[in-house]
Amino acid sequence: DSQAGSLRDDSATPAAAEGFALIPAGQFEMGDHHDLGGREHRNDEVPIHPVSIDAFHMQRTETTNRQYCDFLNDAWLAKTVKMREGQVLQAGTDIVYCDTYASDEASQIALDSQDQFVVRPGKEKHPVVCIRWHGAVAYCNWLSQRDKLPPAYERRGGGLGARVPLTTGYRLPTEAEWARVARYPEGRGPLRYPWGEAFPVPPEAGNYGDQTAADLLRRTLPDYTDSYAATAPAGSLAPNAL
């Protein structure tokens, strides 16, 4: 899935783009404080250790189907992507950017008979799903080009490679940045869950279902009243303090 992009901050914090929030610099204890990962994840969640991050801007909501569809249509017109068996690939390569509804029913994006990428009705504001890493960073570079910023990812071989350091372009958040935002939203913590300590999920904070993962992936929330859905419209649930 494509997580929201972030703007790199280095010597000075640039002005935030519309829809972004400033995350202040600071230090926190990163790792699995509550043994939530289980034995299989112990190797990458412990030992708990201090991490320092610079200030940066993070998108307030997830990237939506509509936003990603705009990128796909620009790339389609520029002939930088191609279709194969319902998947969107980087032109001239076998690098997959994303699935469409034709290759995965969980996707809410399709290529219509008019040769346009479209979002299934009612799903325009839902978070985009079925995006590969290369598709996410290509979207970030497209945003940078749109806003006349240096691209955050450079080409390596046939595809996009490592992130360019010290760039002001759009990029994906690091694992440490995501942990800071999700688990330490008020400068305290670590929270057991992004919304706090309570479980199950409060209805204003998110969706939770006890169905199988396969069932959840293939359902989205039409009016965010069904607790057994996988996604809700971006911004329809309560934000945390950051």
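Residues numbered from 1 in each chain as written. Predicted model: local features only at pLDDT ≥ 70, side-chain atom pairs only at ≥ 80, totals over all residues. Heavy atoms only, no water.

## Quick word on the pattern of salt bridges
Phase 1: One pass over the full model with this rule turns up 6 salt bridges.
Phase 2: Across the pair R66 and D70 runs a salt bridge whose closest N-O atoms are separated by 3.2 Å. Here D70 and R66 lie together in helix α2 (residues 65-77), a separation of 4 residues that amounts to about one turn.
Phase 3: When its relative accessible area of 32% is taken as the criterion, R66 is described as partly exposed.
Phase 4: The class for D70 is partly exposed, based on a relative accessible area of 34%.
Phase 5: In this structure, the salt-bridge partner of D147 is R146, at a minimum N-O distance of 2.9 Å. (Salt bridge = Lys/Arg side-chain N within 4 Å of Asp/Glu carboxyl O. Helix = DSSP H or I, 4+ residues; strand = E, 2+ residues; numbered from the N terminus. Buried < 20%, exposed > 50% of the residue type's maximum accessible area, 1.4 Å probe, protein only.)

## A word on helix α3 (residues 133-146)
Phase 1: Between the first and last C-alpha of α3 there are 20 Å, a value that for 14 residues agrees with the 20 Å anticipated at 1.5 Å per step.
Phase 2: Of all the positions in α3, only G135, A136, V137, A138, Y139, C140, N141, W142, L143 and S144 are classed as buried.
Phase 3: Buried residues in α3 make contact with α2, β8 (96-99), β11 (153-156), β12 (159-163) and β13 (170-171).
Phase 4: Looking one or two residues beyond α3, the residue adopting positive phi is K148, at roughly 60 degrees. (Expected span 1.5 Å × (residues − 1). Contact = heavy atoms within 4.5 Å.)

## Concerning the sheet that holds strand β7 (residues 87-90)
The strands making up a sheet associate through backbone hydrogen bonding, with each pair oriented either parallel or antiparallel.
Phase 1: Spatial strand order, β6-β7-β8: 3 strands in an open sheet with antiparallel pairing. On the outer flanks of this sheet lie β6 (81-84) and β8, each paired with one strand and no other. Recorded for the sheet is a direction-independent mean angle of 25 degrees between the axes of neighbouring strands.
Phase 2: The pairing of β6 with β7 spans 4 bridges and is classified as antiparallel. What sits directly across from V81, in β7, is Q90. (Pairing = 2+ DSSP bridges. Axes fitted to C-alpha atoms, helices over the stretch in contact; angles between N-to-C directions.)

## Description of the confidence of the model for the protein chain
Phase 1: A residue-level look at the protein chain finds 79% of positions with pLDDT of 70 or above and a mean pLDDT of 82.
Phase 2: Note that pLDDT drops below 50 for residues 6-11; the model gives that stretch 33 contacts with residues more than four away or on any other chain. (pLDDT = per-residue confidence, 0-100.)

## With respect to the packing of aromatic side chains
Describing an aromatic ring pair means giving the distance of the ring centres and the angle of the ring planes.
Phase 1: Overall, the coordinates contain 10 aromatic pairs when judged by the stated rule.
Phase 2: Connected via pairs of aromatic rings, a cluster forms that spans Y68, F71, Y97, Y139 and W142.
Phase 3: Stacked on the ring of Y101, the Lys or Arg R120 has its end atom at 4.1 Å from the ring centre. (Phe/Tyr/Trp six-rings, centres within 6.5 Å; stacked < 30°, edge-to-face > 60°. Lys NZ or Arg CZ within 6 Å of the ring centre and 35° of its normal.)

## Structural notes on the environment of M83
Phase 1: With respect to the element layout, M83 can be found in strand β6.
Phase 2: You can call M83 partly exposed: its relative accessible area is 27%.
Phase 3: For M83 and V96, which are 13 residues apart along the polypeptide, the C-alpha to C-alpha distance reads 9.5 Å.

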